[in-house]
Amino acid sequence: MVDAANTMQQSGLTNADGSFNVKTLTAAGNDITAANAALQEQVQALDAVPEPHISQVRMAIDNSKSMLNAMAEQIGNMSDMLGSLSALFGHSGTRNYLILSQTNAETQAAGGVVGSVGTMTVENGKVSIGKFHSDSEFTETAPVSVGDNEIDKMYAISRLGVQYGGDIRLASATPNFPIGAEYARQVWVGQSFGSTDVDGMVSFDTLALQSLIGVTGNIMLSTGQTLTSQNAAQYLANQVYIDIPDQAAEDAFFQESAQRIIDASFSGMNAQKALQLMSVVPSLAKGRHIYMWSFDKSDQKQLRAAGMTGEPSTNAQNPVAGVYVNEMGWTKSDWYLQRNTTVKRTSTNADGSATYHVTAVTKNTMTADQAQKLPVYITGTFPTQMINELIGQSSASDDEKAVVQAAMSGLTQPGVVGHSFMIAQPAGGSVKNIKITSDSSTKVAPAEQTFTKVKSNGATYWMNLAAVISPGSTVTLEFDVTTASGATSLTIDQTPANGDSKITYEY
């Protein structure tokens with residue numbers, strides 16, 4: 001650790017021209033990776049010590065465990081972050097990346113709908129941020145089929161047999177970010193301003209941009225608005241639609257804010273800024289607010305080890321169940337939603353497996369008064385005519401079309417959101433007894449209660465068409481999960497909320 005610190009302090013992480021010092025980055029990363037491996041071994045050894053009978057010894061060991069675990073977490077974060085920086089910026093030559101800016105105002109499985117896309121070029125460690133393009137500048141391409149056609153399987157309209165074209169806003173419709181990244185790459189290639197030389201993808205949502213401002217300092221925009229580490233998420237996911245009613249002006253605001261924040265975060269890198277990034281990025285990645293992906297297989301191992309890729313867990317002994325959401329109502333109302341998930345262990349089974357009951361509660365906190373007074377871009381712009389035309393071309397049965405029509409009737413009302421739920425089954429486990437209860441006046445039972453089993457890229461998902469949630473109403477999703485024999489306790493992965501993820505484990 002001392003060697004790594006000296007390397008960063010003496011050589012610096014950046015050169016005089018502002019480029020990353022690739023040699024320093026690699027050397028410091030190797031030192032910290034080695035230190036982290038040794039430290040984690042000691043943590044495991046101390047955790048394995050039997051509980052002492054003498055209270056003074058027990059207290060000393062408990063305190064030691066607490067301190068060592070805290071240090072191990074910090075060093076692990078440093079190792080992960082340096083590994084990620086090295087994977088993206090630590091190369092000789094030129095690398096070109098796309099930057100996806102997601103807005104949590106409209107929820108998608110991986111975070112929020114992709115609102116703008118920019119470019120980042122890294123040339124021998126020197127980072128330059130290019131122009132950002134809003135989603136309104138993108139044209140729909142021919143249908144994009146990547147990763148078992150996963151986007152179509154997870155976007156509810158497509159599951160009705162509708163041929164949906166390549167739409168940049170749907171790149172985040174799967175929680176499996178590498179699949180979404182490849183989808184975004186192909187849509188980008190099809191644009192007049194796009195290109196084929198894309199080496200990887202980085203994604204930030206509104207909460208991540210707010211956290212980055214804590215590293216860069218406040219950002220003053222051309223509109224006069226100042227974004228801070230306290231107000232950026234709320235402004236970008238809600239207030240901007242109230243203060244700037246013109247959509248073109250909104251697009252320009254999103255482009256400028258994303259470009260300025262990301263440019264300030266990764267340009268002029270020094271040891272202090274790197275340490276600040278290390279303190280925030282790992283937790284943001286764990287909460288699905290930041291993703292990083294490289295199409296170069298040699299980089300993917302480092303990014304996976306750092307937990308940056310957003311891929312479904314395949315480890316049956318450390319089971320993870322997913323609860324993901326795609327917004328089907330085309331609203332920007334998700335800032336007003338509160339989501340709380342509770343997990344209870346209900347039984348330990350004879351074969352060594354365990355069963356858990358998961359309860360995910362979603363409340364639409366928008367009031368009826370707000371639904372009438374807020375700008376229509378927030379409360380809903382559902383494209384009834386377009387969806388009717390698509391459904392008319394689909395292979396859906398008459399009964400399925402009737403269900404969609406009933407759901408559409410609710411989604412055209414102000415402040416109503418339509419959440420298509422996806423449950424990811426843990427590796428080696430099973431999901432049963434799925435049900436939804438709702439007090440929404442716009443609920444459509446067949447659309448919310450019918451869950452379809454879908455397999456994609458080795459994972460199993462259960463999905464419904466949509467739960468239609470009126471202002472002031474609550475929808476509760478419940479299901480049982482049984483894990484593999486001998487597995488550790490179940491954990492939950494979920495679509496990120498506008499604030500901290502609220503998951504309670506009652507074990």
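For the structure, see preceding data.
Cut-offs applied
- Residues numbered from 1 in each chain as written.
- Predicted model: local features only at pLDDT ≥ 70, side-chain atom pairs only at ≥ 80, totals over all residues.
- Heavy atoms only, no water.
- Helix = DSSP H or I, 4+ residues; strand = E, 2+ residues; numbered from the N terminus.
- Rg over C-alpha atoms; globule rule 2.2 N^0.38 Å.
- Contact = heavy atoms within 4.5 Å.
- Areas by Shrake-Rupley, 256 points an atom, 1.4 Å probe, with all protein chains shown as cover.
- Lys, Arg positive; Asp, Glu negative; His and termini not counted.
- Charge placed at Lys NZ, Arg CZ, Asp CG, Glu CD.
- Pairing = 2+ DSSP bridges.
- Axes fitted to C-alpha atoms, helices over the stretch in contact; angles between N-to-C directions.
- Salt bridge = Lys/Arg side-chain N within 4 Å of Asp/Glu carboxyl O.
- Buried < 20%, exposed > 50% of the residue type's maximum accessible area, 1.4 Å probe, protein only.
- Expected span 1.5 Å × (residues − 1).
- Parallel < 35°, antiparallel > 145°, perpendicular 65-115°, else oblique.

(A) Structural context of the overall build of the chain. Secondary structure assignment for the chain yields 15 helices and 19 strands. A compact globule built from 507 residues would reach a C-alpha radius of gyration of about 23 Å, and the chain, at 23 Å, matches this within 12%. Here the C-alpha coordinates of the chain stretch approximately 70 × 60 × 40 Å along the principal axes. Sequence separation of 24 or more characterises 72% of the internal contacts of the chain that already satisfy a separation of 6 or more. Of the roughly 20800 Å² of accessible surface on the chain, 49% is carried by carbon and sulfur atoms. When the 30 basic and 46 acidic side-chain charges of the chain are each reduced to a single mean position, those positions are 5 Å apart.

(B) Layout of the sheet that holds strand β10 (residues 337-348). The 5 strands lie next to each other as β13-β17-β11-β10-β19, forming an open sheet whose pairing is mixed. Only two strands of the sheet have a single partner each, and these edge strands are β13 (430-438) and β19 (503-506). Going from strand to strand, the sheet's axes swing by 15° on average, the running direction of each strand aside. Here β10 pairs with β19 via 4 bridges, running parallel. Within the sheet, the bridge partner assigned to T342 lies in β19 and is T504.

(C) Summary view of the pattern of salt bridges. Enumeration over the complete set of coordinates arrives at 12 salt bridges. With its nearest N and O atoms 2.7 Å apart, the salt bridge here joins K332 to E106. Of the two residues, K332 sits in the loop between β9 (320-327) and β10 while E106 sits in strand β1 (residues 94-108), which places them 226 residues apart along the sequence. Exposure remark for K332: the relative accessible area of 9% places this residue in the buried category. The shortest N-O distance in the salt bridge between R260 and E256 comes to 3.7 Å. Pair noted here: R260 and E256 are both in helix α8 (residues 247-266), with a separation of 4 residues, about one helical turn. A residue is classified by how much of its surface remains accessible, and R260, at 34% relative accessible area, is partly exposed. Residues joined in a network through salt bridges with shared partners are R95, D296 and D299.

(D) How the structure looks around the side chain of T141. Mapped onto the secondary structure, T141 falls in the loop between β4 (133-134) and α4 (150-154). T141 has contacts with G165, G166, V187, G190 and Q191, leaving out every residue within four places of it along the chain.

(E) Structural view of helix α5 (residues 177-189). The terminal C-alpha atoms of α5 lie 18 Å apart, and with 13 residues this matches the ideal 18 Å at 1.5 Å per residue to within 8%. Most of α5 sits out of view: 10 of its 13 residues are buried. Burial in α5 covers these residues: F177, P178, I179, G180, A181, E182, Y183, A184, V187 and W188. Tucked inside the fold, the buried residues of α5 contact β1, β2 (111-123), β4, α4, β5 (200-204) and β8 (290-294).

(F) Structural detail: the environment of N30. Secondary-structure assignment places N30 in helix α2 (residues 22-47). Residues N30 and A497, spaced 467 residues apart in sequence, show a C-alpha to C-alpha distance of 35 Å.

(G) Focus on the side chain of Q191. Structurally, the position occupied by Q191 is in the loop between α5 and β5. Leave out the neighbours within four places in its chain, and Q191 touches E137, F138, T139 and T141.

(H) Spotlight on the packing of helix α13 (residues 384-393) against helix α14 (residues 398-411). Running from amino to carboxyl end, α13 crosses α14 at an angle of 175°, the nearest separation of the two axes being 11 Å. Judged by the angle between their axes, α13 and α14 are roughly antiparallel. In contact with T384, I387, N388, I391 and G392 of α13, α14 contributes K401, V404, Q405 and M408.

(I) Expanded view of the environment of L98. Looking at the element boundaries, L98 is found in strand β1. Remark: the alpha-carbon pair of L98 and I129, spanning 31 residues in sequence, is separated by 9.8 Å. Dropping the residues within four chain positions of it, L98 is found in contact with V117, G118, T119, A184, W188, V198, G200, M201 and V202.

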